[in-house]
Amino acid sequence: MPGTIEQGRAGFAQALAAEWTKLRTVRSAVWTLAAMAASVLGIAVFVGATRSLQPDDTILGGSLTGATFGLLVGASFGVLVISTEYAAGTIGATLMACPRRGVVLAAKATVTAAVLFGVALAACFLAYQVGSVTLPDDYAQGVPMPALLGVAALFSVTGVLGLAVGTVLRHPAGAITTMVAILLLPSMVGPLLGGWERWVAGASPVAASQKLAQSSDAVPDAVGSLGGWPSLWLVCGYGLVALVGAAVVFQRRDA
Amino acid sequence: MIEASGLTKRYGATLAVDGLSFQVRPGRVTGFLGPNGAGKSTTMRLILGLDAPTGGRVTVNGRSYRELPAPLWEVGALLDARAAHGGRTAHDHLLWLSRSNRIPRRRVGEVLELVGLASVAGRRIRGFSLGMAQRLGIAAALLGDPGVLIFDEPVNGLDTEGIRWIRELMRRLAAEGRTVLVSSHLMSEMELTADHLIVIGQGRLLADTAMQDLIERNSQAVTLVRSPDWGRLRELLEARGAQVQPDRQGRWRVLGPDTAAVGELAAKHRIALTELTPRRSSLEEVYVQMTDPRVEYRAQRPASDQPLATTSNLGG
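Residues numbered from 1 in each chain as written. Chains lettered and ligands numbered in written order. Predicted model: local features only at pLDDT ≥ 70, side-chain atom pairs only at ≥ 80, totals over all residues.

Novice: Explain the overall build of chain B to me, please; I cannot follow it from the model alone.
Specialist: Helix and strand counts for chain B stand at 11 helices and 13 strands. Within the span of chain B, comprising 316 residues, buried residues form 43% of the whole. Summarising the internal contacts of chain B: among those between residues at least 6 apart in sequence, 69% fall at separations of at least 24. (Helix = DSSP H or I, 4+ residues; strand = E, 2+ residues; numbered from the N terminus. Buried ≥ 20, exposed ≤ 12 C-beta atoms within 10 Å, placed from the backbone. Contact = placed C-beta atoms within 7 Å.)

Novice: Is there a simple way to think about the overall build of chain A in this case?
Specialist: A tally of helices and strands in chain A yields 12 helices and 0 strands. Beginning at the N terminus, the succession of helices and strands in chain A can be written as α-α-α-α-α-α-α-α-α-α-α-α. Compactness check: chain A gives a C-alpha radius of gyration of 19 Å against a globular reference of 18 Å for 255 residues, within 12% of the reference. Along the longest, intermediate and shortest principal axes, the C-alpha atoms of chain A span 70 × 40 × 30 Å. For chain A, long-range pairs separated by at least 24 residues make up 81% of all intrachain contacts whose partners lie at least 6 apart in sequence. (Rg over C-alpha atoms; globule rule 2.2 N^0.38 Å.)

Novice: Help me understand the interface of chain B and chain A, please; the structure alone is not making it clear to me.
Specialist: Contacts between the two partners involve 38 residues from chain B and, on the opposite side, 32 residues from chain A. Mapped by element, the contributors of at least two residues to the side of chain B that touches chain A are helix 2 (71-74) and helix 3 (90-100) of chain B. Take the side of chain B that touches chain A: its biggest share by element is 6 residues, from helix 3 of chain B. Residues that form the side of chain B that touches chain A fall into these classes: 20 nonpolar, 7 polar and 11 charged. (Nonpolar A, V, L, I, M, F, W, Y, C, P; charged D, E, K, R; others polar.)

Novice: For this particular structure, what's the right way to read the sheet that holds strand 5 (residues 75-78) of chain B?
Specialist: Sheets are built from strands that pair by backbone hydrogen bonding, the pairs being arranged parallel or antiparallel. Residues and elements named next belong to chain B. Strand order in the open sheet made by the 6 strands is 5-6-7-3-8-9, with mixed pairing throughout. Single-partner strands in this sheet number two, and they are strand 5 and strand 9 (204-210). When strand polarity is set aside, the average angle formed by the axes of neighbouring strands in this sheet is 15°. For strand 8 (residues 196-201) and strand 9, the ladder comprises 6 bridges, and the chain directions are antiparallel. Residue pairing across strands places His 196 opposite Ala 210, the latter belonging to strand 9. Packed onto the sheet, helix 8 (residues 211-218) meets strand 8 and strand 9 and runs at close to 110° relative to strand 9. (Pairing = 2+ DSSP bridges. Axes fitted to C-alpha atoms, helices over the stretch in contact; angles between N-to-C directions.)

Novice: Can you walk me through the confidence of the model for chain B in this structure?
Specialist: Should the pLDDT be low somewhere, the predicted coordinates at that spot are not to be read in detail. Residues and elements named next belong to chain B. Mean pLDDT over chain B stands at 86; residues scoring 70 or higher make up 92%. Taken as a whole, residues 295-316 scores under 50 in pLDDT and shows 34 contacts with residues more than four places along the chain or in a different chain. Scoring of the predicted complex yields 0.84 for pTM and 0.89 for ipTM. (pLDDT = per-residue confidence, 0-100.)

Novice: Explain helix 11 (residues 283-291) of chain B here, please?
Specialist: An α-helical turn contains 3.6 residues, so a residue and the one three or four places further along point in the same direction. Residues and elements named next belong to chain B. When we look at burial in helix 11, the residues that qualify are Leu 283, Val 286, Tyr 287 and Met 290. On an axial view of helix 11, the arc spanned by its buried residues comes to 100°, and they lie on one face. Looking at the buried positions of helix 11, the neighbouring elements they touch are strand 3 (28-33), helix 7 (187-193), strand 8, strand 9 and helix 8. (Arc of directions from axis to C-beta.)

Novice: Sorry if this is basic, but what is going on with the sheet that holds strand 13 (residues 275-279) of chain B here?
Specialist: All names here are of chain B. Ordered in space as 11-12-10-13, the 4 strands form an open sheet in which the pairing is antiparallel. Strands at the two margins of the open sheet, each flanked by one partner only, are strand 11 (243-246) and strand 13. Neighbour-to-neighbour, the strand axes of this sheet turn through a mean angle of 25°, independent of strand direction. In this fold helix 10 (residues 259-268) packs onto strand 10 (222-226), strand 12 (252-255) and strand 13, with an angle of close to 160° to the strand it touches most, strand 13.

Novice: Sorry, what's going on with the pairing of strand 7 (residues 179-183) of chain B here?
Specialist: Consecutive side chains along a regular strand alternate between the two faces of the sheet. All names here are of chain B. Summarising burial for strand 7: 5 of the 5 residues are buried, a large majority. Side-chain alternation along strand 7 places Thr 179, Leu 181 and Ser 183 on one buried face and Val 180 and Val 182 on a second face that is also buried. The pairing of strand 3 with strand 7 spans 5 bridges and is classified as parallel. Residue pairing in the sheet places Phe 32 in a bridge with Ser 183 of strand 7. As paired strands, strand 6 (residues 148-152) and strand 7 are joined by 5 bridges and run parallel to one another. Following the sheet pairing, Leu 149 is matched in strand 7 by Val 180.

Novice: Can you walk me through the pairing of strand 3 of chain B in this structure?
Specialist: Residue and element names in this part refer to chain B. The buried fraction of strand 3 amounts to 5 of the 6 residues, a majority that puts the element mostly inside the structure. Pairing of strand 3 with strand 8 involves 4 bridges; the strand directions are parallel. For Gly 31, the partnering residue across the bridge sits in strand 8 and is Leu 197.

Novice: Help me understand the environment of Asp221(A), please; the structure alone is not making it clear to me.
Specialist: Among the structural elements, Asp221(A) can be located in helix 11 (residues 220-223). In this structure the C-alpha to C-alpha distance between Asp221(A) and Ala175(A), which are 46 residues apart in sequence, comes to 30 Å.

Novice: Would you take a moment to explain the nonpolar core for this structure?
Specialist: Ranked by size, the top nonpolar core spans 158 residues in total, and within it Cys124(A), Val151(A), Leu94(B), Leu136(B), Ala139(B) and Ile150(B) carry the most contacts. Of the residues forming this core, the biggest block, 15 residues, is contributed by helix 6 (residues 101-134) of chain A. Counting 6 residues, the second largest nonpolar core, distinct from the first, contains Val225(B), Leu233(B), Leu237(B) and Val262(B). (Core = buried A, V, L, I, M, F, W, Y, C linked by C-beta atoms within 7 Å.)

Novice: Any chance you could explain unusual backbone geometry here in plain terms?
Specialist: For residues that are not glycine, phi is negative in most cases, and the peptide bond is trans in most cases. For Arg170(A), which is not glycine, the phi dihedral falls at a positive 70°. Position of Arg170(A) relative to the elements: it lies in the loop between helix 7 (147-169) and helix 8 (172-189). A positive phi angle, near 50°, is found at Gln202(B), a position not held by glycine. Relative to the helices and strands, Gln202(B) is located in the loop between strand 8 and strand 9. Residue class for Gln202(B) comes out buried when judged on the 21 C-beta atoms lying within 10 Å of it.

Novice: Which parts of the structure should I look at to understand the environment of Gly203(B)?
Specialist: Tracing the backbone shows Gly203(B) in the loop between strand 8 and strand 9. Setting aside residues up to four positions removed in sequence, Gly203(B) forms contacts with Leu15(B), Ala16(B), Val17(B), Asp18(B), Ala38(B) and Gly39(B).

Novice: I tried to follow the packing of helix 1 (residues 12-24) of chain A against helix 3 of chain B on my own but got confused; where do I start?
Specialist: Pairs of packed helices are described in terms of their axes, by the angle between the two and the distance that separates them. At a minimum axis distance of 7 Å, the contact between helix 1 of chain A and helix 3 of chain B shows a crossing angle of 165°. It follows from the interaxial angle that helix 1 of chain A and helix 3 of chain B lie roughly antiparallel. Between helix 1 of chain A and helix 3 of chain B the crossing geometry is right-handed. Across from Gln14(A), Ala15(A), Ala17(A), Ala18(A), Thr21(A) and Lys22(A) in helix 1 of chain A, the residues of helix 3 of chain B making contact are Leu95(B), Trp96(B), Arg99(B) and Ser100(B). When the residues that make up the contact of helix 1 of chain A with helix 3 of chain B are grouped by side-chain class, the tally is 5 nonpolar, 3 polar and 2 charged. (Parallel < 35°, antiparallel > 145°, perpendicular 65-115°, else oblique. Left-handed = near helix turned anticlockwise from the far one by under 90°.)

Novice: Help me understand the packing of helix 4 (residues 67-88) of chain A against helix 7 of chain A in this model?
Specialist: All names here are of chain A. Two elements in contact, helix 4 and helix 7, have axes whose closest approach is 7 Å; the angle formed by their N-to-C orientations is 40°. One element, helix 4, and the other, helix 7, form an angle in the oblique class. Note on packing geometry: the crossing formed by helix 4 with helix 7 is right-handed. Side by side, helix 4 and helix 7 meet where Ala 67, Gly 70, Leu 71, Gly 74, Ala 75, Ser 76, Phe 77, Gly 78, Val 79, Val 81, Ile 82 and Ser 83 of the first sit next to Val 151, Leu 154, Phe 155, Thr 158, Gly 159, Val 160, Leu 161, Gly 162, Leu 163, Val 165, Gly 166 and Thr 167 of the second.

Structure (structure tokens):
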């Protein structure tokens, strides 16, 4: 006997520990995070080496050019946190271990957000260092703090958005495609929408990260005049709505 | 203890489980039988809170599964042996499960040892044979040392030695006072393992009874007879309405009168017998007869305290 039943618990702390253990014991999760960091850093090295920067851009903005691609990988990471459970069939084991589904989803969201925040912050900080060293001083520097924290937080929220979409759609391919569309379509279809462009393109996580990074890509005509931080709060807002919506679907649906 | 009352599950137009009521008691192995599509797996998913019932209720130790504070300490289940992430090692699969319910870490090593997977604990599950995956699934079910165990087709993919091991494990778990519910389509295996049977067909309860009772009540009286003077005995038997058929070993199967009546008839007419063997139906024969959709099965009202639960018409 392992002990008495009173010692057992399957609450949020245990769900969190289980989700963290799942994450660190699968190579694909580690590789996805590595790919995310590598894309942010690699593009910073490329921008620095080729000096492919608009004259009005900042060193911070230029260094974080790779954040857009990094956000795509971060979103995919969020999708995979839940959709691999459906693909491998472990969702049954997960829900047998913790039948309170809201707790399971909250634990997954917490682990996703925390891991993405940490990895993105490190990657973005290093990317900025690379940019500072490699880009000439005639560019404006940009203000890195607290902007880098905001960009890292965007990775977290985008990952949670991916988790929400993955929870509803279950299939990894469909959910990742949806996330790519959510992240990239606004800036692509934006110009077709006339006066609505600034709202549609401006509300995307990509626009928020460009604003926070003080990039010259974030021109008010395209992404609106809402500042970097309010844009982050906006993304947090609909990310949370998506997560609550996913929790409702998750609760009601048969596993 | 598992208790279902009026348990019903509808998927669209299909009624997968139709008003099932039963109890699975501790201290014995309860076999869960039914043809494919009868609703066995659905019932197990309802017990485990994976699917929500359309009607009725099922509880484990008096609570619905979703209300159990630390479910793995009370219930262990093996539904699908292949439901583990192939990229994880056996040890890590059990590790995250143990974390999820605050089960001491040493249990991981203990259950791996128990199912004979200790030597492959560090190997990725992707490379496991079905038999090894089945053992890992059983290890996961035993992780929290639960009092209630649910196994869906646990002997699938196991070799003779593995099947024997599972059978002994189930019997031991039941002997320790645990509640053991096991489904299988292998009747001969079930006959050896289970003490009690719950039989369902088309989502409805066909029988909830002790194994012995089920077989005895549903057996046809068959007596195997060998006699040097068979021709005369046959005439006498047929005159009394018995049916006779030769079997492959050169004996005659006598259907109708019971063994004692056959023996007395032979004695009365001074006919020598070289063999007179009462033959009980096997579980498989009883089961086929019960679940044959062409046969309208009516469970007899039993005199004993082990009631055959319901009467039901499979054709309807």
